[in-house]
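A look at the structure
One letter stands for each residue in the lines below.
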Amino acid sequence: MATWLGGLCLSSIKRALKVPVPNLPLCSRQLASLAEAFDANSRYRDQPWEYMNSEEYLQRYDRKSIWADYRRNHKGPIPPQKTRKTCIRGGKICGNPCPICRDQKLGLHYRNVKLLQQFICPHTGIVYDPTTTGVCMKQQKALIKAITEATDHGFLPAHVSYIVLPHEDYLNSHSAVSDTPSPKAGPWYPWYEWQEPNPKEVARLRKLYKPYLKEMMGNK
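Everything quoted here is computed from the prediction, not taken from an experiment. (Residues numbered from 1 in each chain as written. Predicted model: local features only at pLDDT ≥ 70, side-chain atom pairs only at ≥ 80, totals over all residues. Heavy atoms only, no water.)

1. Focus on helix α6 (residues 137-153)
What counts, and what does not: For helices the rule is a DSSP run of H or I covering at least 4 residues; for strands it is a run of E covering at least 2, with both sets numbered from the N terminus onward. In a helix, the anticipated span is given by 1.5 Å times the number of residues less one. For the exposure calls, accessible area comes from a 1.4 Å probe over protein chains only, and a residue counts as buried if that area is under 20% of its type's maximum, exposed if over 50%, partly exposed in between. When we speak of the arc, we mean the arc of directions from the helix axis to the C-beta atoms. Between two residues, a contact is recorded if the distance between any of their heavy atoms is within 4.5 Å.
When the terminal C-alpha atoms of α6 are compared, their 24 Å separation across 17 residues agrees well with the 24 Å that a helix rising 1.5 Å per residue should span. If you check which residues of α6 are buried, you get Gln139, Gln140, Leu143, Ala146, Ile147 and Ala150. The arc enclosing the buried residues of α6, seen along the axis, measures out at 125°, which places them on a common side. In α6, the exposed positions that point more than 90 degrees away from the buried face belong to Lys138, Lys141, Lys145 and Asp152. Elements that come into contact with the buried residues of α6 comprise α4 (113-116) and α5 (130-133). The first or second residue beyond α6 is Gly154, which carries a positive phi of 90°.

Right, here's the structure in full:
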């Protein structure tokens, strides 16, 4: 009787609190996906650059670019000219997603410099084409935005294109350059020559600055 009353009370409490009770246990694949989602959302969501220095990243990619060993599934030997628009549609991930979509722990952030440098040519500073890296178009736009923000904040160097200047701009034969005129016999300007001052103006200044003139003070 006590057992029946205890079970009845427990069932009534669960019904009142609306606690969901699973009927079937989760399989190992579902548990692994939940654990991976929890790990990605909790550990590397705010600071995705820490994942690049973790042992998990080294074991998975072994100091290579994340797109080095990637190959998209396609029919025939010739790959398509464009990558897919997106790998995640309606919350479902397509088969063989792009290098960024297949690893949810990779965060495209302007401070995640190690990840952004993998998509930039070290010699020219140009972002690799998505047909080379296999990144979908949605992630490619986010990647370019993150690289632009990192360059503006100073985390990535800004590459200035080399401009070849014409040799004629440094010659005297150019139309915009003329010969230097020969010097004149006299001064360049008339006020360079000595001009006799006005005696009345000199007398007025001497009277005004009489206490400060050295010759006047010496005579006293």
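That shown, we press on.
2. Digging into unusual backbone geometry
Working note: non-glycine residues mostly have negative phi, and peptide bonds are mostly trans. One non-glycine residue, Asp62, adopts positive backbone phi at about 55°. By secondary structure assignment, the location of Asp62 is in the loop between α3 (55-61) and β1 (88-89). Positive phi is not limited to glycine here, since Arg63 has a value of about 60°. Counting through the fold element by element, Arg63 comes out in the loop between α3 and β1.

3. Quick notes on the pattern of salt bridges
Worth spelling out the cut-off: One side-chain nitrogen of Lys or Arg within 4 Å of one carboxyl oxygen of Asp or Glu is enough to make a salt bridge.
Applying the stated criterion across every chain yields a total of five salt bridges. Its salt-bridge partner being Lys64, residue Asp69 comes within 3.9 Å of it at the nearest N-O pair. Residues Glu201 and Arg204 are paired through a salt bridge, measuring 2.6 Å at the closest nitrogen-oxygen approach. Placement of the pair is Glu201 and Arg204 together in helix α7 (residues 199-208), with a separation of three residues, close to one helical turn. For Arg204, a relative accessible area of 45% corresponds to the partly exposed category.

4. Focus on the side chain of Thr133
Looking at where Thr133 falls in the secondary structure, it is placed in helix α5. Not counting the four nearest positions on each side in its chain, Thr133 is found in contact with Trp67, Tyr70, Pro99, Phe119 and Tyr128.

5. What to know about the packing of aromatic side chains
The test is simple: What counts as a ring pair is set by centres within 6.5 Å for rings of Phe, Tyr and Trp (its six-membered ring), and what kind of pair is set by the plane angle: stacked under 30 degrees, edge-to-face over 60, tilted for all other angles.
Overall, the coordinates contain five aromatic pairs when judged by the stated rule. Seen in terms of ring centroids, Tyr51 and Tyr57 are 5.6 Å apart; in terms of plane orientation they differ by 75°. Their pairing is edge-to-face. Here Tyr51 falls in the buried class, since its relative accessible area comes to 0%. Under the relative-accessibility criterion, Tyr57 is labelled buried at 4%.

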